[in-house]
Amino acid sequence: ETLDKGLEKSKESFFGKLSKAVAGKSKVDDDVLDNLEEVLVASDVGVNTTLKIITRIEERVAQDKYVGTDELNTILREEIAGLLSETNKGNETEFTIPTLPKTSEGKKTPYVLMVVGVNGVGKTTTIGKLASQFKKQGLKVVLGAADTFRAAAIDQLQVWADRTGVPIIRQEMGSDPASVAFDTLTSAVKQDADVVIIDTAGRLHNKVNLMNELTKIKRVMQKVVDNSPHDVLLVLDGSTGQNAFEQAKQFTLATEVTSLAVTKLDGTAKGGVVIGISDQFKIPVKYIGVGEGIDDLQVFNKVEFVDSFFK
Ligand code: GDP
């Protein structure tokens, strides 16, 4: 129900527009398809993904000769679910992490999550929410403040560390992010931690720096924990439409992004970003943010997502 509530605005807007697009029409024809295209683009599904969906519906209309507008919901739902399934395999609802083999010294191998994204998208909040969820499961979490570019970033992460009662490894502003990451992982292994979440700076205006910094952080992490980071989570603000697409493009060029968190889906009519971005970048959406509170993060469940879109 929280998801429904969270996505209410996206839903209303999507359906409001959709019903206008088919108003007074009984048959799916070129006009309806043109309107549908506009609705999808306006909902931030993105041009490429929209065209893919429209083409698929055109094919079905051509095949079946007659498709009533009353069937459009069902068809659209199937197509969107199909697209999401290409990239998002699971129907998980729980915050889980894989169990990793022990180190050669017989120590626990922490699951290392590196979080990337530009300022303001909800990166720190998402880290805090994740720390809370993992801690609730009895997992030992350590945070690393490797966004050393802004003092505020370190302080904000400290606030979440205090709020969740999770240790944080930090150095002063301007110190080497890779050094903070190294310290964090070393401390985590020593403490037998289960999960490490590393915050990083997202300076997109300096792309070469961003790439070098993330590459160096990864290299240094691997000196402490094999194959780390195990997940590179890109946080995107779901209310920023095309900006989110552009950020996904830039970050995937700078580093290998393995999963996505799309935030602020509570206060937006732009839930379509989730559909377009997972389709175009072929990166699974792992989490969605549906509010500012500590519990307002959900594991992305494609079935629930489509359900609440089309209810
Ligand atoms: P950062 O600069 O990327 O670390 O962003 P913050 O985590 O500081 O978040 C920026 C603002 O967005 C804060 O006011 C957060 O409370 C807010 N925020 C983060 N996630 C969500 C969300 O899912 N929904 C809403 N409504 N606000 C969010």
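Residues numbered from 1 in each chain as written. Predicted model: local features only at pLDDT ≥ 70, side-chain atom pairs only at ≥ 80, totals over all residues. Heavy atoms only, no water.

Remarks on the UniProt feature "domain: SRP54-type proteins GTP-binding" (unreviewed entry) in the protein chain
Here's step 1: The feature "domain: SRP54-type proteins GTP-binding" (unreviewed entry), as annotated in UniProt, sits at residues 284-297 in this numbering.
Here's step 2: For residues 284-297, the helix share is 0%, the strand share is 43%, and the end-to-end C-alpha distance is 16 Å. (UniProt positions renumbered as here; feature names shortened; annotations may be inferred. Helix = DSSP H or I, 4+ residues; strand = E, 2+ residues; numbered from the N terminus.)

Details of the site of the ligand
Here's step 1: Around the ligand, a shell composed of 17 residues is seen, among which G120, T124, T125, D266 and E292 lie nearest.
Here's step 2: Between G120 and the ligand, the recorded distance is 2.6 Å, taken from a backbone N or O atom to an oxygen atom.
Here's step 3: Relative to its unbound accessible surface of 580 Å², the ligand loses 79% to contact with the protein.
Here's step 4: It is helix α6 (residues 123-136) that provides the largest number of residues to the shell around the ligand, a total of four residues.
Here's step 5: In terms of residue class, the shell around the ligand is made up of three nonpolar, nine polar and five charged. (Near = heavy atom within 4 Å. Polar contact = N/O pair within 3.5 Å; in protein donor to acceptor, adjacent residues only side chain to side chain. Areas by Shrake-Rupley, 256 points an atom, 1.4 Å probe, with all protein chains shown as cover. Nonpolar A, V, L, I, M, F, W, Y, C, P; charged D, E, K, R; others polar.)

Describing the side chain of K302
Here's step 1: By secondary structure assignment, the location of K302 is in helix α12 (residues 302-310).
Here's step 2: Using a relative accessible area of 12% as the deciding quantity, one classes K302 as buried.
Here's step 3: From its side chain, K302 meets the backbone oxygen of N88 in a polar contact 2.8 Å long. (Buried < 20%, exposed > 50% of the residue type's maximum accessible area, 1.4 Å probe, protein only.)

Some words on the sheet that holds strand β6 (residues 259-263)
Strand pairing in a sheet takes place through backbone hydrogen bonds and is either antiparallel or parallel in direction.
Here's step 1: Read from one edge to the other, the open sheet built from eight strands follows the order β3-β2-β4-β1-β5-β6-β7-β8, with strand pairing classed as mixed. Among the strands making up the open sheet, the edge pair consists of β3 (168-169) and β8 (297-299).
Here's step 2: Pairing of strand β7 (residues 285-289) with β8 involves three bridges; the strand directions are antiparallel. In the sheet register, Y287 faces β8, and the bridge partner there is V299.
Here's step 3: Packing of helix α7 (residues 151-164) onto the sheet brings it into contact with β2 (141-146), β3 and β4 (195-200), and relative to β2 it is tilted by some 170°.
Here's step 4: In this fold helix α8 (residues 177-190) packs onto β1 (111-116), β2, β3 and β4, with an angle of close to 165° to the strand it touches most, β2. (Pairing = 2+ DSSP bridges. Contact = heavy atoms within 4.5 Å. Axes fitted to C-alpha atoms, helices over the stretch in contact; angles between N-to-C directions.)

A closer look at helix α10 (residues 242-254)
Here's step 1: With 13 residues, α10 should cover 18 Å at 1.5 Å per step; its first-to-last C-alpha distance of 19 Å lies within 8% of that length.
Here's step 2: Those residues of α10 not exposed but buried are A244, F245, Q247, A248, Q250, F251 and A254.
Here's step 3: Against the buried residues of α10 lie β1, α9 (207-224), β5 (231-237) and α11 (272-281). (Expected span 1.5 Å × (residues − 1).)

Thoughts on the packing of helix α4 (residues 47-64) against helix α5 (residues 72-87)
Here's step 1: Taken N-terminus to C-terminus, the directions of α4 and α5 make an angle of 130°; their axes are 10 Å apart at the nearest point. With respect to α5, the axis of α4 lies oblique. The interaxial crossing formed by α4 with α5 has right-handed handedness. Every residue of α5 that contacts α4 at T49, K52, I53, R56, I57 and R60 is listed here: L72, I75, L76, E78, E79, I80 and L83.
Here's step 2: Class assignment of the residues belonging to the contact of α4 with α5 gives a composition of seven nonpolar, one polar and five charged. (Parallel < 35°, antiparallel > 145°, perpendicular 65-115°, else oblique. Left-handed = near helix turned anticlockwise from the far one by under 90°.)

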